[in-house]
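Here are the chains, one letter per residue:
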Amino acid sequence: MKESMKGMESKMAKLRASQCDAFDSMYLTMLSQHHQDGIKMARSALVRGQHKEVKQIT
(Lines give C-alpha, C1' and ligand atoms only; values in the text may rest on other atoms or scores of the structure.)
Protein backbone atom coordinates (compact mmCIF):
# COMPACT_ATOMS: atom_id res chain seq x y z
CA MET A 1 0.00 0.00 0.00
CA LYS A 2 2.86 2.36 0.75
CA GLU A 3 4.09 1.91 -2.82
CA SER A 4 0.78 3.07 -4.28
CA MET A 5 0.77 6.18 -2.08
CA LYS A 6 4.21 7.36 -3.19
CA GLY A 7 3.90 10.44 -5.32
CA MET A 8 0.15 10.75 -4.76
CA GLU A 9 0.36 14.37 -3.62
CA SER A 10 2.20 15.44 -6.76
CA LYS A 11 -0.23 13.49 -8.95
CA MET A 12 -3.18 15.14 -7.21
CA ALA A 13 -1.59 18.57 -7.64
CA LYS A 14 -1.15 17.89 -11.38
CA LEU A 15 -4.76 16.71 -11.58
CA ARG A 16 -6.04 19.85 -9.85
CA ALA A 17 -4.02 22.01 -12.23
CA SER A 18 -5.19 20.23 -15.38
CA GLN A 19 -8.22 21.09 -17.47
CA CYS A 20 -10.54 19.64 -20.11
CA ASP A 21 -9.25 16.55 -21.92
CA ALA A 22 -6.04 16.45 -19.89
CA PHE A 23 -8.08 16.36 -16.66
CA ASP A 24 -10.40 13.65 -17.96
CA SER A 25 -7.53 11.47 -19.15
CA MET A 26 -5.51 11.90 -15.96
CA TYR A 27 -8.56 11.31 -13.76
CA LEU A 28 -9.50 8.09 -15.53
CA THR A 29 -5.91 6.82 -15.45
CA MET A 30 -5.61 7.54 -11.73
CA LEU A 31 -9.01 6.02 -10.96
CA SER A 32 -8.16 2.88 -12.90
CA GLN A 33 -4.90 2.48 -10.98
CA HIS A 34 -6.74 3.09 -7.71
CA HIS A 35 -9.13 0.24 -8.45
CA GLN A 36 -6.33 -2.07 -9.59
CA ASP A 37 -4.57 -1.42 -6.28
CA GLY A 38 -7.81 -2.23 -4.45
CA ILE A 39 -7.99 -5.60 -6.21
CA LYS A 40 -4.40 -6.35 -5.15
CA MET A 41 -5.24 -5.44 -1.57
CA ALA A 42 -8.35 -7.65 -1.58
CA ARG A 43 -6.32 -10.60 -2.88
CA SER A 44 -3.76 -10.02 -0.16
CA ALA A 45 -6.54 -9.96 2.43
CA LEU A 46 -7.74 -13.35 1.21
CA VAL A 47 -4.30 -14.85 1.70
CA ARG A 48 -3.10 -13.06 4.82
CA GLY A 49 -6.31 -11.93 6.50
CA GLN A 50 -7.09 -13.33 9.92
CA HIS A 51 -10.73 -12.33 10.27
CA LYS A 52 -13.30 -14.50 8.54
CA GLU A 53 -15.55 -11.46 7.98
CA VAL A 54 -12.87 -9.83 5.84
CA LYS A 55 -12.38 -12.99 3.82
CA GLN A 56 -16.13 -13.29 3.25
CA ILE A 57 -16.46 -9.82 1.72
CA THR A 58 -13.43 -10.12 -0.53
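Here the residue index of a chain counts from 1 through its sequence in written order. The predicted nature of this model means local features are confined to residues of pLDDT at least 70 and side-chain atom pairs, given and counted, to a pLDDT of 80 or more, with totals for whole chains, interfaces and linings taken over all residues. Side-chain figures throughout are based on the complete set of non-hydrogen atoms in the structure, without hydrogens or water.

Draft legend 1. Representation of the overall build of the protein in the model. The helix and strand labels rest on DSSP assignments: H or I over at least four residues marks a helix, E over at least two residues marks a strand, and numbering proceeds from the N terminus. Helix and strand content of the protein: four helices and zero strands. The secondary structure elements of the protein, listed N-terminal to C-terminal, are α-α-α-α. For the radius of gyration, the atom set is restricted to C-alpha positions; the globular benchmark scales as 2.2 Å times the number of residues to the power 0.38. Taking 2.2 N^0.38 as the reference for a compact globule, 58 residues should give roughly 10 Å; the C-alpha atoms of the protein span a radius of gyration of 15 Å, well beyond that estimate. Buried means the residue's accessible area, taken with a 1.4 Å probe over protein chains only, is under 20% of the maximum for its type, while exposed means over 50%, and partly exposed covers the values in between. Within the protein, the proportion of its 58 residues that are buried is 9%. Here, Shrake-Rupley sampling with a 1.4 Å probe gives the accessible areas, and only protein chains in the shown set may cover a residue. Total accessible area computed for the protein in this model is approximately 5300 Å², and 59% of it derives from carbon and sulfur atoms.

Draft legend 2. Main features of the packing of helix H2 (residues 8-17) against helix H3 (residues 20-48). Running from N to C, H2 and H3 cross one another at 150°; their axes reach a closest spacing of 10 Å. As judged from the angle between their axes, H2 and H3 are roughly antiparallel. Contacts between H2 and H3 involve Met8, Lys11, Met12, Lys14 and Leu15 from the first element and Phe23, Met26, Tyr27 and Met30 from the second. Gly counts as polar in this scheme, as do all residues outside two lists: the nonpolar Ala, Val, Leu, Ile, Met, Phe, Trp, Tyr, Cys and Pro, and the charged Asp, Glu, Lys and Arg. Residues belonging to the contact of H2 with H3 are distributed by class as follows: seven nonpolar, no polar and two charged. To define axes, lines are fitted to C-alpha atoms, for helices over the stretch in contact only, and angles between the resulting N-to-C directions are given on a 0 to 180 degree scale. Small angles under 35 degrees read as roughly parallel and large ones over 145 as roughly antiparallel, with 65 to 115 read as roughly perpendicular and the rest as oblique. Contact between two residues is taken to exist if any of their heavy atoms lie within 4.5 Å; hydrogens are not considered.

Draft legend 3. The packing of aromatic side chains, seen in detail. In this scheme Phe, Tyr and Trp rings, the latter by its six-membered ring, pair at centre separations within 6.5 Å, and the angle between planes marks the pair as stacked below 30 degrees, edge-to-face above 60, and tilted otherwise. Summed over the entire model, instances satisfying the criterion amount to one aromatic pair. Ring geometry for Phe23 against Tyr27: centres 6.0 Å apart, planes inclined by 10°, an arrangement best described as stacked. Placement of both Phe23 and Tyr27 in helix H3 is noted, with a separation of four residues, approximately one turn of the helix. With a relative accessible area of 31%, Phe23 lands in the partly exposed category. A relative accessible area of 38% places Tyr27 in the partly exposed class.

Draft legend 4. Quick look at the side chain of Ser18. Within the element layout of this structure, Ser18 appears in the loop between H2 and H3. Judged by its relative accessible area of 15%, Ser18 is buried. A 3.5 Å cut-off defines polar contacts: any pair of N or O atoms within that distance qualifies, except that in protein one atom must be a possible hydrogen donor and the other a possible acceptor, and neighbouring residues in sequence count only when both atoms are side-chain atoms. A polar atom in the side chain of Ser18 sits 2.7 Å from the backbone oxygen of Leu15.

Draft legend 5. Quick peek at the environment of Met8. With respect to the helices and strands, Met8 occurs in helix H2. For Met8, a relative accessible area of 28% corresponds to the partly exposed category. Along the chain, Met8 and His35 lie 27 residues apart, while their C-alpha atoms are 14 Å from each other.

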